[in-house]
2 protein chains.
Amino acid sequence: MSKVLVFGHKNPDTDTITSAISYAFLKQQLGEDAEAVRLGEVNNETKFALEKFGFEAPRLIDNVATETNQVILVDHNERQQSANGIEEVKVIEVIDHHRIANFETSDPLYFRAEPVGCTATILNKLYKENNVAIPSNIAGLMLSAIVSDTLLFKSPTCTDQDVKAGKELAEIAGVNVEEYGLAMLKAGADLSDKSLEELLSLDAKEFTFGNVKSIIAQVNAVDVNDLLGRKDELVGLLNKYTEENGLDLYFFIITDILNNDSVAVVVGSASEDAAKAFGKTLKDNEVELPGVVSRKKQVVPVLTEALSE
Amino acid sequence: MSKVLVFGHKNPDTDTITSAISYAFLKQQLGEDAEAVRLGEVNNETKFALEKFGFEAPRLIDNVATETNQVILVDHNERQQSANGIEEVKVIEVIDHHRIANFETSDPLYFRAEPVGCTATILNKLYKENNVAIPSNIAGLMLSAIVSDTLLFKSPTCTDQDVKAGKELAEIAGVNVEEYGLAMLKAGADLSDKSLEELLSLDAKEFTFGNVKSIIAQVNAVDVNDLLGRKDELVGLLNKYTEENGLDLYFFIITDILNNDSVAVVVGSASEDAAKAFGKTLKDNEVELPGVVSRKKQVVPVLTEALSE
């Protein structure tokens, strides 16, 4: 059997990077020739977690088909979020916690998706089911993924299973969850070394609501005013990108990780309708979203309902 | 939470019917309001298993959307094999052992597919993972599914996991696998109460290989000559159906369950090419397939390779 590459989605986040490492490690313990790789740059939050637990970032690959003929996907399944060349290789496993779409195989495979907050919560079960003990540094990575995806257990995507797994993993890793978790989130929310252009692409995902072609991007911040103070420049960039790419909506969410609120900067022909979807009117391209922290659970469904007509 | 309906594919077989019952029972033990239902007539093999272990056939439903708004699929995931109205309800779980295709959700769900011979082998794990003991009559149903899907562990689709699960379940059910299994397969292979028309539709699946629109049907028999003795009549019916439905190929497999061989009766413009795919020439619409018992593993891949150009 040739080498199996294990990777998460493009624009990698902490769950994607650490789940690739953690699952490749489990596979190695089970005797398989598995290697974790990544499809893009590692963000500051993930760097913080990797350094803390003594890991290097996985190797960056461009096209998967030039590397191997079999792969395992973690933290995603939709083709457009996956590696270049994915159509030319065989997907032998998927471990994920997202909706299933744009995914098709010609043969049966191991596909494990669960409606939990984080891929690492499922991996925690898989270690147990395979009777493999989790080393403390791997447990630290898995805990980091849960903290990241659930914003320290405060996101509405967080389930009881994520909380339980987080506690178990913190114990194995020997870290104080609150202390370490907040430090990691703050490292990710440190945007000082990023240009506005970089911020826009950091975690941007494409969606189509009926005829409304949209991008919904999200960044975490300790102080949202750092970014809102540069709003004119930001709106200029968003407008430029929206025009150049024929978008109807660019919805840029800035999430306050200390207070668990968000504010969105919105442009495009559908921007008034998007604000209205949240019962708001747009003020200078800005809409406040108190209590909103999850794109998946609190933004996409609202815009789907309002715009997909 | 409203009632959850649990069901397998159209043209139900033993795995589909018994997995619906066995998984609905597990869900009930976990406190959920789950009901097993079916999408079509129960075949003779399944009837034998249900009677042996004291079960009635699940309720037959027509359109799922008039019944509930949430469903669990077992033993299938492709939309065209599922219930009428499936687009209007929410699929909250899938337990399956087939390829994944024509399946899409708007929300995360529990999706558990594994490359094993039978859905019941996965259910056996789920009972353990949920710490629910399998009652002996449910174990009997699950064993029946494994015997059926693996032809008593002789099909190439059978994995070590299916053999292990089969042994465990036979022990719980208190039956002799070989004896009971062969009796069940023979009950299914008793075609004496079926017209030729019924036999053709009993387990017929549609496939498209490149431009070749095909049906591959399969029946189990104790003596293949029962059917081959009526070949002229059979070929007439296959030709009629092929013409009326614009097919290029009707590949009708008769599997000898005692010797684990098959013979196919083949019609349509692609029939010579189909025979050639197996290194044979067609003789009076007949092609011998020594050692072939699995449509999924031994017929579909061969025809895919030969005809999809």
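The rules behind each value
Residues numbered from 1 in each chain as written. Chains lettered and ligands numbered in written order. Predicted model: local features only at pLDDT ≥ 70, side-chain atom pairs only at ≥ 80, totals over all residues. Heavy atoms only, no water. Axes fitted to C-alpha atoms, helices over the stretch in contact; angles between N-to-C directions. Helix = DSSP H or I, 4+ residues; strand = E, 2+ residues; numbered from the N terminus. Left-handed = near helix turned anticlockwise from the far one by under 90°. Contact = heavy atoms within 4.5 Å. Nonpolar A, V, L, I, M, F, W, Y, C, P; charged D, E, K, R; others polar. Least-squares fit on C-alpha atoms with pLDDT ≥ 70 in both. UniProt positions renumbered as here; feature names shortened; annotations may be inferred. Buried < 20%, exposed > 50% of the residue type's maximum accessible area, 1.4 Å probe, protein only. pLDDT = per-residue confidence, 0-100. Core = buried A, V, L, I, M, F, W, Y, C linked by side-chain atoms within 4.5 Å. Polar contact = N/O pair within 3.5 Å; in protein donor to acceptor, adjacent residues only side chain to side chain. Buried area = accessible area lost by both parts, 1.4 Å probe. Pairing = 2+ DSSP bridges.

Draft legend 1. Seen up close, the packing of helix α4 (residues 136-150) of chain A against helix α5 (residues 160-173) of chain A. Residue and element names in this part refer to chain A. For the pair α4 and α5, the least separation of the axes is 8 Å and the interaxial angle reads 145°. Remark: the crossing between α4 and α5 carries left-handed chirality. Across the interface between the two elements, S136, A139, G140, M142, L143, I146 and T150 from α4 touch D162, A165, G166, L169, A170, I172 and A173 from α5. Within the contact of α4 with α5, the residues separate by chemical class into nine nonpolar, four polar and one charged.

Draft legend 2. Spotlight on the relation of the copies chain B and chain A. Structural alignment of chain B on chain A gives an RMSD of 0.1 Å, achieved by rotating through 180° and translating 0.1 Å along the axis. Classification of the inter-copy transformation places it as that of a two-fold axis. Across chain B, the rotation axis passes nearest the C-alpha of B:R112, at a separation of 2.5 Å. Interface residue correspondence from chain B to chain A reaches 100%, placing this contact among same-surface, isologous pairings.

Draft legend 3. Structural context of the UniProt feature "domain: DHHA2" (unreviewed entry) in chain A. Within this structure's numbering, the places UniProt gives as "domain: DHHA2" (unreviewed entry) are residues 181-307 of chain A. In the segment residues 181-307 of chain A, helix accounts for 43% and strand for 28%; the C-alpha atoms at its two ends are 36 Å apart.

Draft legend 4. Spatial organisation of helix α3 (residues 119-129) of chain A. All names here are of chain A. The element α3 is largely enclosed, with a buried count of eight among its 11 residues. Residues of α3 that are buried: T119, A120, T121, I122, L123, N124, L126 and Y127. At its buried positions, α3 is contacted by α1 (14-29), β4 (70-74), β5 (90-96), β6 (110-113), α4 and α5. N131 sits one or two positions beyond α3 and adopts a positive phi of about 55°.

Draft legend 5. Main features of the confidence of the model for chain A. Averaged over all residues, the pLDDT of chain A is 94; the fraction at 70 or higher stands at 99%. In the predicted assembly, ipTM is 0.86 and pTM is 0.89.

Draft legend 6. Seen up close, the nonpolar core. All names here are of chain B. Within the largest apolar cluster, 50 residues are counted, with the highest numbers of intra-cluster contacts made by V6, Y23, I95, M142 and L143. Among the elements that take part in this core, helix α4 (residues 136-150) stands out by supplying eight residues, more than any other. Residue contacts for M142: discarding those within four places in its chain leaves S22, A120, L123, N124, Y127, I134 and L169.

Draft legend 7. Highlighting the side chain of A:T46. All names here are of chain A. Looking at where T46 falls in the secondary structure, it is placed in helix α2 (residues 44-52). Side chain to side chain, T46 and T14 meet in a polar contact 2.9 Å long. Once you skip the residues sitting within four places of it in the chain, T46 turns out to touch D13, T14 and I17.

Draft legend 8. Summary view of the interface of chain B and chain A. At the interface, 21 residues of chain B touch 21 residues of chain A. Taken over both partners, the interface formed by chain B and chain A buries close to 1800 Å², and the fraction arising from carbon and sulfur atoms is 57%. Counting the surface chain B buries against chain A, the share from its top three residues, B:R99, B:I100 and B:P108, is 31%. In this structure, the connection of chain B to chain A is made through six residue pairs in polar contact (both at pLDDT 80 or more). Looking at side-chain class alone, the side of chain B that touches chain A contains nine nonpolar, five polar and seven charged residues. Judged from the three bridges that link them, β6(A) and strand β6 (residues 110-113) of chain B form a sheet pairing that is antiparallel. Paired with A:R112 across the two strands is B:R112, which belongs to β6(B).

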